[in-house]
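Spelled out from the first residue to the last, the chains are:
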Amino acid sequence: MTVAVYVVAHIAVEDPDAYADYQRQGLPTIAPAGGRVIAGGGPVHLEGEEMPGGSAIVEFPTMEAALAWYHSDAYQAAVPLRQKASRAVMMGLEPMP
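Worth saying up front: this structure is predicted, and the values here are computed from it rather than measured.

### A few points about the packing of aromatic side chains
Next up, step 1: Scanning the entire structure with this criterion turns up six aromatic pairs.
Next up, step 2: An angle of 45° between the planes, with centres 5.2 Å apart, marks the rings of Tyr19 and Tyr22 as tilted. A residue pair is termed a helical-turn pair when its members lie 3 or 4 positions apart in one helix, as Tyr19 and Tyr22 do in helix α1 (residues 16-26) at three residues.
Next up, step 3: Measuring from ring centre to ring centre gives 6.3 Å for Trp69 and Tyr70, while their planes differ by 70°; the resulting arrangement is edge-to-face.
Next up, step 4: Among the residues examined, Tyr70 registers a relative accessible area of 26% and is labelled partly exposed.
Next up, step 5: Among the aromatic residues, those joined into a ring-pair cluster are Tyr19, Tyr22, Phe60, Trp69, Tyr70 and Tyr75.

Structure (structure tokens):
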């Protein structure tokens, strides 16, 4: 049985116009890699130090699919746009046993 994995990103946008360029180029790379955005936007702060920005969760069928998407030429072409426009933390998470 294949269990979905998730790419979680927390992004503090510093240049909204440049970030929009990243979204236009980066978001269309997700579906062809088998992923889908399942949540995103400004989080509701519950605990700990509040961080500026928003978060997103992208579901992939396997970690291999998530890594293939992240390292793909199509997504890597968009990464410099994100890095220019924002500060981000991005990680892949597998389900807990």
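Don't stop here, the text continues.
### Some remarks on the sheet that holds strand β4 (residues 86-93)
Next up, step 1: In space, the four strands of this open sheet follow the order β2-β3-β1-β4, with antiparallel pairing throughout. Each edge of the sheet is formed by a strand with only one pairing partner; in this case those strands are β2 (36-41) and β4. Across this sheet, the average inter-strand angle for adjacent strands is 15°, counted without regard to direction.
Next up, step 2: As paired strands, strand β1 (residues 5-13) and β4 are joined by eight bridges and run antiparallel to one another. Bridging from a neighbouring strand, Ile11 pairs with Ala88 of β4.
Next up, step 3: Together, β1, β3 (54-60) and β4 form the strand contacts of helix α2 (residues 63-71), whose direction differs from that of β1 by roughly 35°.
Next up, step 4: Relative to β4, helix α3 (residues 73-85) is tilted by about 135°, and along the sheet it contacts β1 and β4.

### Focus: a nonpolar patch on the surface
Next up, step 1: The grouping of Val89, Met91 and Leu93 at the surface amounts to a nonpolar patch, some 240 Å² of accessible area in total.
Next up, step 2: Overall, Val89 belongs to the partly exposed group, its relative accessible area being 43%.

### Let's talk about the nonpolar core
Next up, step 1: Ranked by internal contacts, the top residues of the largest apolar core, which has 18 residues, are Val7, Phe60, Ala66 and Trp69.
Next up, step 2: Secondary-structure elements contributing two or more residues to this core are β1, α1, β3, α2 and α3.
Next up, step 3: Contact partners of Trp69, with chain neighbours within four places excluded, come to Val7, Thr29, Ile30, Ala33, Phe60 and Tyr75.

What counts as what
- Residues numbered from 1 in each chain as written.
- Predicted model: local features only at pLDDT ≥ 70, side-chain atom pairs only at ≥ 80, totals over all residues.
- Heavy atoms only, no water.
- Phe/Tyr/Trp six-rings, centres within 6.5 Å; stacked < 30°, edge-to-face > 60°.
- Helix = DSSP H or I, 4+ residues; strand = E, 2+ residues; numbered from the N terminus.
- Buried < 20%, exposed > 50% of the residue type's maximum accessible area, 1.4 Å probe, protein only.
- Pairing = 2+ DSSP bridges.
- Axes fitted to C-alpha atoms, helices over the stretch in contact; angles between N-to-C directions.
- Contact = heavy atoms within 4.5 Å.
- Patch = residues over 30% accessible without salt bridge, like charges linked within 9 Å, V, L, I, M, F, W, Y side chains within 5 Å.
- Areas by Shrake-Rupley, 256 points an atom, 1.4 Å probe, with all protein chains shown as cover.
- Salt bridge = Lys/Arg side-chain N within 4 Å of Asp/Glu carboxyl O.
- Core = buried A, V, L, I, M, F, W, Y, C linked by side-chain atoms within 4.5 Å.

The analysis is restricted to geometry; functional conclusions fall outside its scope.
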